[in-house]
Amino acid sequence: MSFFRNDPHGRGVRTTGVLPPVLHGEPRRADGDRLLDVDDLDERRVTEVETEQHGVLAVGMTPDGAPFAVGNLCRHQFAKLGRGRVTADGCLECPWHRAAYDVKDGTMTEGPKGRVFGFKPYSWAFKTFGRVAPLHTTPVEVRDGAIWLVAGRT
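A brief look at the structure comes next. The structure displayed is predicted, hence computed values, not measured ones.

## A look at the environment of Gly65
Along the chain, Gly65 falls in the loop between β6 (55–61) and β7 (67–71). A residue is classified by how much of its surface remains accessible, and Gly65, at 37% relative accessible area, is partly exposed.

This is the structure:
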């Protein structure tokens with residue numbers, strides 16, 4: 001495993017190589033509308049879950065206990081968000097260049113970071129794109145210690 005190589009602050013997550021994690025890792029399989037047990041989330045508070053209806057989603061919990069399920073594809077360089085982490089303020093952070101997304105509405109709240117991608121006009125352009133083309137959000141709820149898709153809503 002290697003760390004994100006252009007991360008000047010050493011906060012990158014482990015990846016399997018020098019390229020962005022653009023392939024799904026080993027997503028968990030949903031059991032119908034039951035996505036995963038809350039206890040199965042690790043310190044990153046997000047994981048990839050493969051569903052029949054929505055494909056692979058980034059599913060997790062914010063620090064205040066709100067469940068979420070969003071599209072798994074970062075708007076910057078297509079890294080898989082379910083391999084990232086949830087920040088202390090409840091945003092989903094990309095595992096590659098640390099772009100951050102509001103999990104409630106899917107908008108990008110912070111553009112990509114790093115030596116090259118932290119260039120303010122570049123980062124601003126992607127942040128603007130991330131607001132215009134937000135991640136798809138899927139309604140979920142916690143029941144019986146698990147995160148479930150909300151039946152009848154997509």
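## Considerations on the nonpolar core
In this structure, Phe68, Val70, Cys74, Leu81, Leu92, Cys94 and Tyr101 are the most contacted members of the largest nonpolar core, which totals 16 residues. Excluding residues that lie within four positions of it along the chain, Tyr101 makes contacts with Cys74, Arg75, His76, Leu81, Cys91, Leu92, Gly106, Thr107, Met108, Thr109 and Leu135.

## Section: the side chain of Thr87
Within the element layout of this structure, Thr87 appears in the loop between β8 (85–86) and β9 (91–93). Apart from the residues within four sequence positions on either side, Thr87 is in contact with Arg45, Pro63 and Glu93.

## Re the pairing of β7
Of all five residues in β7, four are buried, a share of seventy percent or more. Across five bridges, the pairing between β6 and β7 is antiparallel. The partner of Met61 across the bridge, within β7, is Pro67. The antiparallel pairing of β6 with β7 creates a hairpin that spans five residues between the two strands, and Gly65 there sits at a positive phi of about 90°.

## A look at the sheet that holds strand β13 (residues 146–149)
Read across the sheet, three strands follow the order β4-β13-β12 without closing on themselves; strand pairing throughout is antiparallel. A single partner strand is all that each edge strand has here, and the edge strands are β4 (34–37) and β12 (140–143). Looking at each pair of strands side by side, their axes are set apart by 25° on average, direction ignored. As paired strands, β12 and β13 are joined by four bridges and run antiparallel to one another. Note that in β13 the partner of Val140 across the bridge is Leu149.

## Details of the sheet that holds β9
The strand order across the open sheet built from four strands is β8-β9-β10-β11, with neighbouring strands paired in antiparallel fashion. The open sheet has two edge strands, β8 and β11 (108–110), and neither has a second partner. Across two bridges, the pairing between strand β10 (residues 100–102) and β11 is antiparallel. Counted as the bridge partner of Tyr101 is Met108 from β11.

## Comments concerning the layout of surface pockets
The calculated volume of the second largest pocket comes to roughly 290 Å³. Together, 17 residues line the second largest pocket, and Thr62, Ala66, Pro67, Val103 and Lys104 are the ones closest to its centre. Each residue belonging to the lining of the second largest pocket can be placed in one class, and the counts come to nine nonpolar, four polar and four charged.

## Focus on the pattern of salt bridges
Counted according to the given criterion, the structure contains six salt bridges. With a closest N to O distance of 3.7 Å, Asp42 and Arg44 form a salt bridge. A salt bridge links Glu141 to Arg143; the nearest nitrogen and oxygen atoms lie 2.8 Å apart. Relative accessible area serves as the criterion here: at 35%, Arg143 is assigned to the partly exposed category.

## Digging into the packing of aromatic side chains
The final tally for this structure, using the stated rule, is zero aromatic pairs. The cationic tip of Arg143 hangs over the ring face of Trp148; the distance from NZ or CZ to the ring centre is 4.3 Å.

What counts and what doesn't
Residues numbered from 1 in each chain as written. Predicted model: local features only at pLDDT ≥ 70, side-chain atom pairs only at ≥ 80, totals over all residues. Heavy atoms only, no water. Helix = DSSP H or I, 4+ residues; strand = E, 2+ residues; numbered from the N terminus. Buried < 20%, exposed > 50% of the residue type's maximum accessible area, 1.4 Å probe, protein only. Core = buried A, V, L, I, M, F, W, Y, C linked by side-chain atoms within 4.5 Å. Contact = heavy atoms within 4.5 Å. Pairing = 2+ DSSP bridges. Axes fitted to C-alpha atoms, helices over the stretch in contact; angles between N-to-C directions. 1 Å grid on protein atoms, 1.4 Å probe; cavity = no way out; pocket = protein on both sides within 12 Å on 5 of 7 lines; lining within 4 Å. Points joined across faces, edges and corners; volume = space filled by probe spheres on them. Nonpolar A, V, L, I, M, F, W, Y, C, P; charged D, E, K, R; others polar. Salt bridge = Lys/Arg side-chain N within 4 Å of Asp/Glu carboxyl O. Phe/Tyr/Trp six-rings, centres within 6.5 Å; stacked < 30°, edge-to-face > 60°. Lys NZ or Arg CZ within 6 Å of the ring centre and 35° of its normal.

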